Amino acid sequence: MDNGQIAAVFDQIADLLEFQAANPFRIRAYRNAARTIRDLPEPVAAIAADSGRKLTDIAGIGKDLADKVATLLRTGSLPMLDELLAEIPPSVLALLRIPGLGPKRAALLFRARNIATLDQLRAACESQQIRTLKGFGAKTEQAILAGIDLAVRAAQRIYWADAEPIACALVEHMRSARHVEQMEMAGSYRRRKDTVGDLDLLVVSERAADVMDCFGRFASVVEVLARGATKMSVRTAGGLQIDLRVVPAESFGAALQYFTGSQQHNVMLRAIARQRGLKINEWGVFRTRDDGSQEQIAGRTEQEVYAALELPCFPPELREARAEFEWAKAGPLPQLIQLDDIRGDLHAHTDASDGQATLAQMIDAARQRKLEYLAITDHSKRVTMAHGLGPARLRRQWATIDSLRKNRSDIRVLKGVECDILEQGGLDLPDEVLADADWVVASIHYGQNQSRARITQRILGAIENPHVSAIAHPTGRLINRRRPYEVDLEAVFAAARRHHKLLELNAHPSRLDLDDVACAAARQHGIPIVIGTDAHSTDGLDAMRYGVLQARRAGLTKEDVANTRTWDQVQRLLGRRRQPRQ
DNA sequence: GCCGTTTTCGGCCCGACTGTTTTCAGTCG
């Protein structure tokens, strides 16, 4: 079992325990363990197999959970989970996805009315059986009915790139409200997470009611879910929830820190505060005086809040309770990469394969974006749907690039290709063709359902080919649409390091592949990441910023990313000395 | 279930809002 599978088991146990109203701290222990293992930069199996290390060395893994991990690794199953599933049908967990219905009341529905599916719950609400239960009323019944339809949709988080225009429009709209003194988006949106479940807006104002009125008039709002003195929640026509908090200026930093999260980061921060005899909440950092009264010692800015705990003001992208607190202890935080650091794009398509723009248009667009170099990497012939290029067409394209180069000294256009890694192994173009390319990215588009061993072998084969420069979208995931294929990333890292090959962070918002955790792991292996847009149009080149944001979440610096270098430096990174042909 | 310069028990982040209550439990972030 890999880390993701083990994490999924622990998460499921946590769900089921929650249903049983087990000790909430025990539940948290399982959730913590799931998150820790999922975010681990190496396979937990490797730690278990290493006689010099122990699973209990991992924070949050004690003797019991270490035993459970070992059992999962050895047998692929866990008796405890089987017992829980014998008591609770897994379908009841769907009830927890209904907004406002948590584990306590969902468990009551199951016990008192034997409701185990969304359909049964709908029927029970419609026949008004639910309102007779203790803790439920007519209003709850209506809320549940409305929530059932949302349950499926709400489970899906939207791409960060799709949240951005909504967030920008919201901020623009709120600027029209009078009495808004400060304003900032918070939550996973501010942490630049690849997907966003809801939006959080924080406002400083003395006139909360006026601000909330304005918020309610935001164009796409269709429903007000809640409205109190400081907090208001709405839902948009698209089903996205947006939360507003109005706070006084002296609490803005504390509230921004708090609502930016992540929740796990906040839990760790609270624990650190507690160790120092301080209390931290969304209103500020407080010290208890000898007479028992509370004194606020920070809260106006985030810097102030972190400084009160003798911590650096973590960039929001790092606040995931992964390694950031360790980094802070060890010294200054890494200087995260910025969009300005990027010098070139090494993954782009033209209308020769499935891109929309011509070669000349793509080059123009890259030049407008001040790129120093652009690799044209159309698909190879195996990708028939994309009108992939065989050797003859490819060489013709390269000849065109050669002629264009003569007229353009302001941008270096590289003769590249995105060469398919074939189902049976091997590459889609002969070596003598690849040898004439400046830059070759290899990737998998077919045979994604093959076994882990098979897919890993195919990728290792590509890495070993001397003409391949990088592996593109190495796990094949499409966020919300397709799971990553089974691949032994550890083996890929080892091979990439041995053969001086790069791994791509594909910047397309639906890919972002490698993801942040895998990029951090690649960094630990000393493998440079190349951020490529995979642009299929001129606008597609703008996706670079999404890739950079994801790289920041991985803690990558300018030095960790290959295409912050000049093209000559990138070549040296690959162990090649030859200059591109002019 | 984890953890320990308050160390093997007794803690574990903390507050806002809603609905169903009549002082609070459940849910959410």
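Residues numbered from 1 in each chain as written. Chains lettered and ligands numbered in written order. Predicted model: local features only at pLDDT ≥ 70, side-chain atom pairs only at ≥ 80, totals over all residues. Heavy atoms only, no water.

Engineer: Would you mind going over the overall build of chain A with me for this structure?
Structural biologist: Along its length, chain A carries 23 helices and 17 strands. For a compact globule of 582 residues, the expected C-alpha radius of gyration is about 25 Å, and chain A comes in at 26 Å, within 12% of that figure. Along the three orthogonal principal directions, the C-alpha set of chain A runs to about 75 × 60 × 55 Å. Across the 582 residues in chain A, those meeting the buried criterion constitute 52%. Expressed as a percentage of contacts within chain A between residues at least 6 apart in sequence, the contacts between residues at least 24 apart total 67%. With the model as given, the accessible surface of chain A reaches about 26000 Å², and the carbon-plus-sulfur share is 49%. Between the averaged position of the 79 positive side-chain charges in chain A and that of its 74 negative side-chain charges there is a distance of 1 Å. (Helix = DSSP H or I, 4+ residues; strand = E, 2+ residues; numbered from the N terminus. Rg over C-alpha atoms; globule rule 2.2 N^0.38 Å. Buried < 20%, exposed > 50% of the residue type's maximum accessible area, 1.4 Å probe, protein only. Contact = heavy atoms within 4.5 Å. Areas by Shrake-Rupley, 256 points an atom, 1.4 Å probe, with all protein chains shown as cover. Lys, Arg positive; Asp, Glu negative; His and termini not counted. Charge placed at Lys NZ, Arg CZ, Asp CG, Glu CD.)

Engineer: Honestly, the environment of Leu336 in this entry has me stumped. Any pointers?
Structural biologist: Structurally, Leu336 is set in the loop between helix H15 (324-330) and strand E11 (344-345). For Leu336 and Ala551, which are 215 residues apart along the polypeptide, the C-alpha to C-alpha distance reads 8.2 Å. When near neighbours in sequence (up to four residues on either side) are disregarded, Leu336 contacts Pro315, Leu318, Arg552, Gly555, Leu556 and Thr557.

Engineer: What is the right way to read the pairing of strand E8 (residues 278-281) from this model?
Structural biologist: A regular strand carries its side chains on alternate faces of the sheet. Relative to strand E9 (residues 284-288), E8 runs antiparallel, the two being bridged by four bridges. When the sheet's bridge partners are listed, Lys279 is paired in E9 with Phe286. Taking the residues that link successive antiparallel strands as the turn, the E8-E9 hairpin has two residues. (Pairing = 2+ DSSP bridges.)

Engineer: When you look at the sheet that holds strand E13 (residues 412-420) in this model, what are you seeing that I'm missing?
Structural biologist: Remark on secondary structure: sheet strands pair via backbone hydrogen bonds, oriented parallel or antiparallel. Strand order in the open sheet formed by seven strands is E11-E12-E13-E14-E15-E16-E17, and the pairing between neighbours is parallel. Looking at which strands have only one partner, the edges of the open sheet turn out to be E11 and strand E17 (529-532). Note: E11 against strand E12 (residues 373-376), two bridges, orientation parallel. Following the sheet pairing, Asp345 is matched in E12 by Leu374. Here helix H17 (residues 391-407) sits on the sheet and contacts E12 and E13; the angle it forms with E13, its principal contact strand, is near 165 degrees. (Axes fitted to C-alpha atoms, helices over the stretch in contact; angles between N-to-C directions.)

Engineer: Just checking my understanding: could you explain the packing of aromatic side chains for this structure?
Structural biologist: Aromatic ring pairs are defined here through the distance separating the ring centres and the angle between the ring planes. A complete count under the given rule lists nine aromatic pairs for this structure. Plain terms: the ring middles of Trp160 and Tyr546 are 6.1 Å apart, the flat faces sit at 65 degrees to each other, and that makes the pair edge-to-face. You can see Trp160 sitting in helix H9 (residues 160-174) and its partner Tyr546 sitting in helix H22 (residues 544-553), a full 386 residues away along the chain. As far as the burial class goes, Trp160 and Tyr546 line up, both buried. Taking 5.4 Å as the distance between ring centres and 80 degrees as the angle between the ring planes, the aromatic pair formed by Tyr306 and Phe314 counts as edge-to-face. Across this residue pair, the class does not change: Tyr306 and Phe314 are buried. Members of the aromatic cluster, connected to one another through ring pairs, are Trp160, Tyr189 and Tyr546. The ring of Tyr446 has Arg382 lying over it, and the distance from NZ or CZ to the ring centre is 3.6 Å. (Phe/Tyr/Trp six-rings, centres within 6.5 Å; stacked < 30°, edge-to-face > 60°. Lys NZ or Arg CZ within 6 Å of the ring centre and 35° of its normal.)

Engineer: How do you make sense of the domain arrangement of chain A when you look at a structure like this?
Structural biologist: Put simply, an interface is often sized by how much accessible area is lost when its parts join up. Structurally, chain A comprises domain 1 (3-87), domain 2 (90-154), domain 3 (158-247), domain 4 (251-330) and domain 5 (339-573). When each unit is reduced to the centre of its C-alpha atoms, the spacing between domain 1 and domain 4 is 29 Å. On the side of domain 4, five residues touch domain 1, which itself brings four residues to the contact. Between domain 1 and domain 4, roughly 340 Å² of surface is buried when both sides are summed, and carbon and sulfur atoms account for 38% of that area. The largest contributions to the domain 1 side of the interface with domain 4 come from Arg28, Arg35 and Asp39, which together make up 86% of the buried area. Inspection of the domain 1/domain 4 interface yields one salt bridge. We note a salt bridge from Arg322 to Asp39, for which the minimum N-O separation is 3.0 Å. The interface formed by domain 1 and domain 4 holds two residue pairs in polar contact (both at pLDDT 80 or more) in total. Partitioned by chemical class, the residues of the side of domain 1 that touches domain 4 number no nonpolar, one polar and three charged. (Domains from an automatic or database assignment. Buried area = accessible area lost by both parts, 1.4 Å probe. Salt bridge = Lys/Arg side-chain N within 4 Å of Asp/Glu carboxyl O. Polar contact = N/O pair within 3.5 Å; in protein donor to acceptor, adjacent residues only side chain to side chain. Nonpolar A, V, L, I, M, F, W, Y, C, P; charged D, E, K, R; others polar.)

Engineer: Would you mind showing me how to read the environment of Leu404 here?
Structural biologist: Take Leu404: it is sitting in helix H17. Residues Leu404 and Ala360, spaced 44 residues apart in sequence, show a C-alpha to C-alpha distance of 8.5 Å. When residues no more than four places from it in sequence are discounted, the contact partners of Leu404 are Leu359 and Ile363.

Engineer: Would you explain the confidence of the model for chain A in this entry?
Structural biologist: Of all residues in chain A, 97% attain a pLDDT of 70 or more, and the chain-wide mean is 90. Under a pLDDT of 50 for its full length, residues 577-582 has, in the predicted model, 16 contacts with residues more than four places off or in other chains. (pLDDT = per-residue confidence, 0-100.)

Engineer: Can you help me understand the side chain of Lys501 in this one?
Structural biologist: Relative to the helices and strands, Lys501 resides in the loop between helix H20 (489-498) and strand E16 (502-506). Within the buried core, Lys501 has no salt-bridge partner, and the shortest N-O distance to an opposite charge, that of Glu464, equals 9.2 Å.

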